[in-house]
Amino acid sequence: MSHGFRHLLDIESLDTREIVQLLDTAEVFFDVSRRRIRKVPTLRGKTVINLFYEASTRTRTSFELAGKRLSADVVNISVSTSSVTKGETLLDTIKNLEAMHPDVIVVRHASSGAPHYVSRHTRAGVVNAGDGTHEHPTQALLDAFTMRRAKGRLAGLVVTIAGDIAHSRVARSNAHLLTRMGATVRFCGPRTMLPAGCETLGVEAFDSLPRAVEGADVVMMLRIQSERLGEVLFPSTREYSRQFGLNRRVLAMAKPDAIVMHPGPMNRGVEIDAEIADGAQSAVLDQVEAGVAVRMAVLYLLAAEAGQSPLS
Amino acid sequence: MDADEITRALRRMAGEIAERNGGAARVALVGIRRGGVPLAYRLRVLLRELEGRDVPVGTLDINLYRDDTATANPSPVVGRSDLHFPIEDHDVVLVDDVLFTGRTIRAGIDALLDYGRPSSVQLAVLVDRGHRELPIQPDYVGRVVSTVRNERVDVVLDADDGSPDRALVLEAASGDSGEVRA
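1. Considering the overall build of chain A
Helix and strand counts for chain A stand at 12 helices and 9 strands. Rg of the C-alpha trace for chain A: 19 Å, near the compact-globule value of 20 Å for 312 residues, within the 12% margin. Projecting the C-alpha coordinates of chain A onto the three principal axes gives extents of approximately 55 × 45 × 35 Å. Nonlocal contacts in chain A, meaning residues at least 24 apart in sequence, comprise 75% of its contacts between residues at least 6 apart.

2. A short note on the overall build of chain B
Summing up its helical and strand segments, chain B has 3 helices and 7 strands in all. What you see in chain B, going N to C, is helices and strands ordered as α-β-α-β-β-α-β-β-β-β. Along the first, second and third principal axes, the C-alpha set of chain B runs to 45 × 40 × 30 Å. For chain B, with 182 residues in total, the buried portion stands at 51%. Within chain B, counting contacts between residues at least 6 apart in sequence, those at least 24 apart form 66% of the total. For chain B, the exposed surface amounts to about 8,500 Å²; the carbon and sulfur share of it is 46%. One finds the centroid of the 23 positive side-chain charges in chain B at a distance of 1 Å from the centroid of its 31 negative side-chain charges.

3. A look at the nonpolar core
Among the nonpolar cores identified, the biggest contains 89 residues, and Leu177 and Phe187 of chain A are the most heavily contacted of them. If you tally residues by element for this core, the top one is helix H12 (residues 284-305) of chain A, at 12 residues. Once residues lying within four places of it in the same chain are set aside, the contact partners of Phe187 of chain A are Ile161, Ile165, Ala171, Ala175, Leu194, Pro195, Cys198, Leu201, Val203, Glu204, Ala205 and Phe206 of chain A. Grouped together as the second largest cluster of nonpolar side chains are 31 residues, Ile17, Ala40, Val95 and Val155 of chain B included.

4. Some points on the pattern of salt bridges
The full count for this structure, using the stated rule, is 31 salt bridges over all chains. For Arg148 of chain A, the salt bridge goes to Asp24 of chain A, with nearest N and O atoms at 3.0 Å. Here Arg148 of chain A, found in helix H5 (residues 137-151), pairs with Asp24 of chain A, found in helix H1 (residues 16-33); they are 124 residues apart in sequence, far enough to count as distant. According to the relative accessible area criterion, Arg148 of chain A is buried, its value standing at 19%. Its salt-bridge partner being Asp91 of chain B, residue Arg26 of chain B comes within 3.7 Å of it at the nearest N-O pair. Here the residue Arg26 of chain B occupies a position in the loop between helix H1 (3-20) and strand E1 (27-32), and Asp91 of chain B occupies one in strand E3 (residues 91-99), the gap between them amounting to 65 residues. According to the relative accessible area criterion, Arg26 of chain B is partly exposed, its value standing at 44%. Three or more residues are tied together by salt bridges with common partners; here these are Asp24, Glu27, Asp31, Arg148 and Arg149 of chain A together with Arg80 of chain B.

5. Describing the confidence of the model for chain B
Residues at a pLDDT of 70 or more form 90% of chain B, whose mean pLDDT is 90. Taken together, the chains of this predicted complex give a pTM of 0.90 and an interface ipTM of 0.83.

6. Examining the packing of H1 of chain A against H12 of chain A
Residues and elements named next belong to chain A. Interhelical geometry of H1 versus H12 gives an angle of 120 degrees and a closest axis separation of 7 Å. Relative to H12, H1 is oriented so that their crossing is right-handed. Listed contacts from H12 to Gln21, Leu22, Thr25, Ala26, Phe29, Phe30, Val32 and Ser33 of H1 are Glu289, Val292, Ala293, Val294, Met296, Ala297, Val298, Tyr300 and Leu301.

7. Digging into the packing of aromatic side chains
Under the definition given, this model contains 3 aromatic pairs over all chains. Seen in terms of ring centroids, Phe30 of chain A and Phe145 of chain A are 5.5 Å apart; in terms of plane orientation they differ by 45 degrees. Their pairing is tilted. Of this pair, Phe30 of chain A sits in helix H1 while Phe145 of chain A sits in helix H5, and the two are 115 residues apart along the sequence. With respect to class, Phe30 of chain A is no different from Phe145 of chain A; both count as buried. The lysine or arginine in question, Arg129 of chain B, covers the ring of Phe100 of chain B, its NZ or CZ lying 3.8 Å from the ring centre.

What counts, and where the lines are drawn
Here, residues in each chain are numbered from 1, in the same order as that chain's written sequence. Chain letters start at A and ligand numbers start at 1, both assigned in the order the entries are written. Local features in a predicted model are, by the rule used here, given only for residues with pLDDT of at least 70; side-chain atom pairs are given and counted only at 80 or more, and totals for whole chains, interfaces and linings are based on all residues. To get the side-chain values, take all heavy atoms of the structure and skip hydrogens and water. Each helix is a run of H or I in the DSSP string that is no shorter than four residues. Each strand is a run of E no shorter than two, and both are numbered from the N terminus. The atom set for the radius of gyration is the C-alpha atoms, and the globule formula is 2.2 Å times the number of residues raised to the power 0.38. We call two residues in contact whenever any of their non-hydrogen atoms come within 4.5 Å of each other. Here the term buried applies to any residue with accessible area under 20% of the maximum for its type, exposed to any over 50%, and partly exposed to those in between, with areas from a 1.4 Å probe on protein chains only. Note on areas: Shrake-Rupley, 1.4 Å probe, and residue coverage restricted to the protein chains presented here. In this charge count, Lys and Arg are treated as positive and Asp and Glu as negative; neither His nor the chain ends contribute. A single reference atom marks each charge: NZ on Lys, CZ on Arg, CG on Asp, CD on Glu. The set of buried Ala, Val, Leu, Ile, Met, Phe, Trp, Tyr and Cys residues whose side-chain atoms join them within 4.5 Å is what this entry labels a nonpolar core. Any Lys or Arg side-chain nitrogen located within 4 Å of an Asp or Glu carboxyl oxygen qualifies as a salt bridge. Every residue is assigned a pLDDT by the predictor, reflecting its confidence on a scale from 0 to 100. Throughout, an axis means a line fitted to C-alpha atoms (over the contacting stretch in the case of helices), and angles, computed between N-to-C directions, take values from 0 to 180 degrees. Left-handed describes a crossing whose near helix is turned anticlockwise from the far helix by less than a right angle; the clockwise case is right-handed. Put simply, two rings from Phe, Tyr or Trp (the six-membered ring, in Trp's case) pair if the centres are within 6.5 Å, and we call them stacked under 30 degrees between planes, edge-to-face over 60, tilted for the rest. Charges are assigned to positions over rings by a cutoff of 6 Å between ring centre and Lys NZ or Arg CZ, combined with an angular limit of 35 degrees from the ring normal.

And the structure:
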């Protein structure tokens, strides 16, 4: 029998069995998206609300397609952060949505912990689609799905994640998932962008990209957020690119069959050279394809539980 | 049914499939996971003996098409379907071990049609135990067995422990030690 998923709020609280169940279920939905009829009737009559307090095209579209390919009714709500007062207004929003009986609410919010807060005020299943600098669990799942398909396993892989690690919920969720599944995770970035206490996450820290990439099975580049350019974290885009950008020379340090990943959107010429982004080793579009499958699996597993439990 | 009875029933069913479809040239077998899959492969072997050709075999997981996902808790484990051949030009024989309420077959037909539009869809089952809840009838039957609603019918094929193939009716509530009636 399968394990019941009430919410998907973070990777940190998942055990290996739950992670494997999510990835295995996603394999089934991966096949569905490649069929001629890319839709199954499974969530007919269920309602999914995408509640996005942060700009997102890829993730929102991915969740929307996932819901629609499961035959759920999907409603998108985009709220610009500037127009809300955090806390009370979020609670009011949730109370209003709750009155419309959604089965799953997908939340993206600039505040770490917002989806957890939402989950305490709704009967719906809640999916964290990215909260502040905390976690982005479906991104980590789709990354793991992509790695597993490319490499046949997760255990024993060496995965280098490079960029603004300290501010990255993608890096954090990936570190939790990959270390739990037996992979070796290396974080790499300027010292100002590496979080304190990498050891507690079970990862190795590097401030040299060539050294971090050496012998890697997977090289994952993170977007350098333009809003942080010119800040004290690093002097200039060009200098960042020279030291921490992935180019052919650096990638040659990795295993010959290494794959290159990026959660997008990419800054070509900053953290990744265009020839690498479009090259034979790039798995960037595989990640996007995996995203729909993984989110279908998450919605499927949550929707079955939704509405069964009383409001806590 | 013991192993010999199962084999004889399947051989007869293979003959009926070939007879009804004018040979096996356009026949495809699709086993419903999981009980129907080994039966589909056995029917292929028997059809090869009769007709001298291998028909395509696919597998179908119907869990995404169930009519009780809204109430099933926790959600059922879904498996992969494998239909690697175009079903458009085929007379597709759905294969399952036990036909009971008919709901699984309804889901199987819906799942199948999402892969294309076969020339026809037929149904082969090893055991028809009655108690239909939908208007679905098999085209090929190994054996009709009258059962009480809450009895269980177990079909064991290719058991891991090497025990012989068999189809059993187990009395309700007596579990695996139940009296064998078929």
